[in-house]
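Letter by letter, the chains look like this.
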Amino acid sequence: MSDYQRARSPEQKAERMEAIMDAAEALFGELPYHEINMGLIAKELGWSRSNLYKYAATREEVFLALHGRANRAFVDDVLSMTSDAPMDNAEFAKRWAQAADRHPEFLRYQDILIAIIESNASLERLVEFKRAFSEICAPVRGLLQRQAGCDLSQAHDLYLELIYQAPGLYNHFHCADRAAEAMRLAGLPPVTGTFKEAYGDFTKMCLDYARESVASPKYVDTA
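Please read these numbers as outputs of a predicted model, since none were measured by experiment.

1. Digging into the overall build of the chain
Phase 1 of the analysis: Secondary structure assignment for the chain yields 10 helices and zero strands.
Phase 2 of the analysis: Listed N to C, the secondary structure of the chain is α-α-α-α-α-α-α-α-α-α in terms of helices and strands.
Phase 3 of the analysis: With respect to the principal axes defined by its C-alpha atoms, the chain has extents near 65 × 50 × 40 Å.
Phase 4 of the analysis: The 223 residues of the chain split such that 41% are buried.
Phase 5 of the analysis: Across the chain, contacts joining residues at least 24 apart in sequence account for 71% of those joining residues at least 6 apart.
Phase 6 of the analysis: For the chain, the exposed area adds up to about 12600 Å²; of that, 52% sits on carbon and sulfur atoms.
Phase 7 of the analysis: Positive and negative side-chain charges in the chain, numbering 25 and 33 respectively, have mean positions lying 5 Å apart.

2. Observations regarding the nonpolar core
Phase 1 of the analysis: With 67 residues, the main nonpolar core has Ile41, Phe74, Trp96, Tyr159 and Tyr199 as its most contacted residues.
Phase 2 of the analysis: When contributions to this core are tallied by element, the ones reaching two or more residues are helix H1 (10-28), helix H2 (38-45), helix H4 (59-81), helix H5 (89-101), helix H6 (104-120), helix H7 (123-148), helix H8 (152-173) and helix H10 (195-215).

3. Brief notes about the environment of Ala148
Phase 1 of the analysis: Assignment of secondary structure puts Ala148 in helix H7.
Phase 2 of the analysis: On a C-alpha basis, the gap between Ala148 and Ala85 in space is 9.8 Å, while along the polypeptide they are 63 residues apart.
Phase 3 of the analysis: Setting aside residues up to four positions removed in sequence, Ala148 forms contacts with Leu158, Leu207, Ala210, Arg211 and Val214.

4. Structural notes on the pattern of salt bridges
Pairs may arise between side chains of opposite charge once their charged atoms sit close together.
Phase 1 of the analysis: Enumeration according to the criterion identifies 10 salt bridges in this entry.
Phase 2 of the analysis: The partner of Arg69 in a salt bridge is Glu18, and the shortest N-O contact between them spans 2.7 Å. Of the two residues, Arg69 is situated in helix H4 and Glu18 in helix H1; the sequence distance between them amounts to 51 residues.
Phase 3 of the analysis: Taking relative accessible area as the criterion, Arg69 reaches 25% and is therefore assigned partly exposed.
Phase 4 of the analysis: Members of the salt-bridge network, linked through shared partners, are Glu18, Asp22, Glu25 and Arg69.

5. Some remarks on the state of the cysteines
Phase 1 of the analysis: Counted by the stated rule, this structure contains zero disulfides.
Phase 2 of the analysis: Here Cys206 stays free of any disulfide, with the sulfur of Cys150 as its closest cysteine sulfur at 12 Å.

6. Some words on the side chain of Asn71
Phase 1 of the analysis: Considering the arrangement of structural elements, one finds Asn71 in helix H4.
Phase 2 of the analysis: Within polar-contact distance, the side chain of Asn71 engages the side chain of Tyr159 at 3.3 Å.
Phase 3 of the analysis: Non-local contacts of Asn71, meaning those with residues more than four positions away in its chain, are made with Phe106, Phe133, Ile136, Cys137 and Tyr159.

7. Describing the packing of H4 against H5
Phase 1 of the analysis: Between H4 and H5, the shortest axis-to-axis distance is 9 Å and the interhelical angle comes to 150 degrees. As judged from the angle between their axes, H4 and H5 are roughly antiparallel. The hand of the H4/H5 crossing is right-handed. Counted together, Phe74, Asp77, Val78 and Met81 of H4 and Arg95, Trp96, Gln98, Ala99 and Ala100 of H5 form the full contact between these two elements.
Phase 2 of the analysis: Partitioning the contact of H4 with H5 into residue classes produces six nonpolar, one polar and two charged.

The rules behind the values
Residues numbered from 1 in each chain as written. Predicted model: local features only at pLDDT ≥ 70, side-chain atom pairs only at ≥ 80, totals over all residues. Heavy atoms only, no water. Helix = DSSP H or I, 4+ residues; strand = E, 2+ residues; numbered from the N terminus. Buried < 20%, exposed > 50% of the residue type's maximum accessible area, 1.4 Å probe, protein only. Contact = heavy atoms within 4.5 Å. Areas by Shrake-Rupley, 256 points an atom, 1.4 Å probe, with all protein chains shown as cover. Lys, Arg positive; Asp, Glu negative; His and termini not counted. Charge placed at Lys NZ, Arg CZ, Asp CG, Glu CD. Core = buried A, V, L, I, M, F, W, Y, C linked by side-chain atoms within 4.5 Å. Salt bridge = Lys/Arg side-chain N within 4 Å of Asp/Glu carboxyl O. Disulfide = S-S within 2.5 Å. Polar contact = N/O pair within 3.5 Å; in protein donor to acceptor, adjacent residues only side chain to side chain. Axes fitted to C-alpha atoms, helices over the stretch in contact; angles between N-to-C directions. Parallel < 35°, antiparallel > 145°, perpendicular 65-115°, else oblique. Left-handed = near helix turned anticlockwise from the far one by under 90°. Nonpolar A, V, L, I, M, F, W, Y, C, P; charged D, E, K, R; others polar.

Printed below as a string of C-alpha cells:
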C-alpha cells in the first residue's frame with residue numbers, strides 16, 4: 001500500500017479527488033462500468049476503502065465527477081476551435097465533430113450518464129451535478145445561440161441534441177471486435193466512414209434546421 005496522508009486543506013482534498021478520478025478512469029479503460037466498484041478503485045490507488053470513503057461515498061459520485069471533468073475539457077476545446085463563430089455551418093460542424101472525436105472519454109461517460117450513473121446517484125449529489133453541468137455548458141449554449149441565431153432556450157435544446165447523439169454514433173464507428181464479428185457472421189455490411197464525418201453531417205443538419213426555424217418560425221394560431 002502506498003503512503004497515505006489525509007488531506008487537510010481544500011487544495012489537498014481537490015488533489016485527492018483528482019487521484020480518485022484518475023484511478024477510476026484507468027479502470028474504466030479496461031473494464032465495463034458494472035465491474036468497477038469502490039474496492040477496485042481503492043486498490044488501484046493503493047488506499048484502504050476507509051480512506052477512499054473520506055472523499056467519495058459511492059462509485060456514482062466518482063463517475064459524476066469524471067463526467068464533469070471530461071465535459072469541461074470538451075467544452076473548452078469546442079470554444080477554442082469556434083471562437084470566431086458565427087461561421088458557415090459546414091465549417092462549424094466540422095470543427096465541433098473534430099473536438100468531439102478528441103474526447104472519447106466524455107462520450108463514454110455521456111453514454112451511461114442518464115440510464116446508469118444518474119439513476120443510482122443520491123438526489124443531493126445529482127442536484128449538485130446538474131448545477132455544475134449547467135455552469136459548464138453555459139458558454140457553449142451562448143456559442144450555439146450565436147451560430148444558429150436562435151434564442152437561449154433553443155440553443156440549450158440544440159446542445160442536448162448534439163451531445164445525446166454523439167455517443168451512439170461514436171459506438172457505431174468504434175464497435176467492439178465481438179460486435180464486428182457478429183455483424184460479419186450475420187452477413188451485414190461492415191461499417192464504413194468515420195465518426196467525425198457522420199457526426200459532422202448530423203451537427204450541420206441540426207444547425208441548418210435551427211437557422212431555418214429562426215428564419216421561418218412556425219405559425220401559431222392564438223385565436
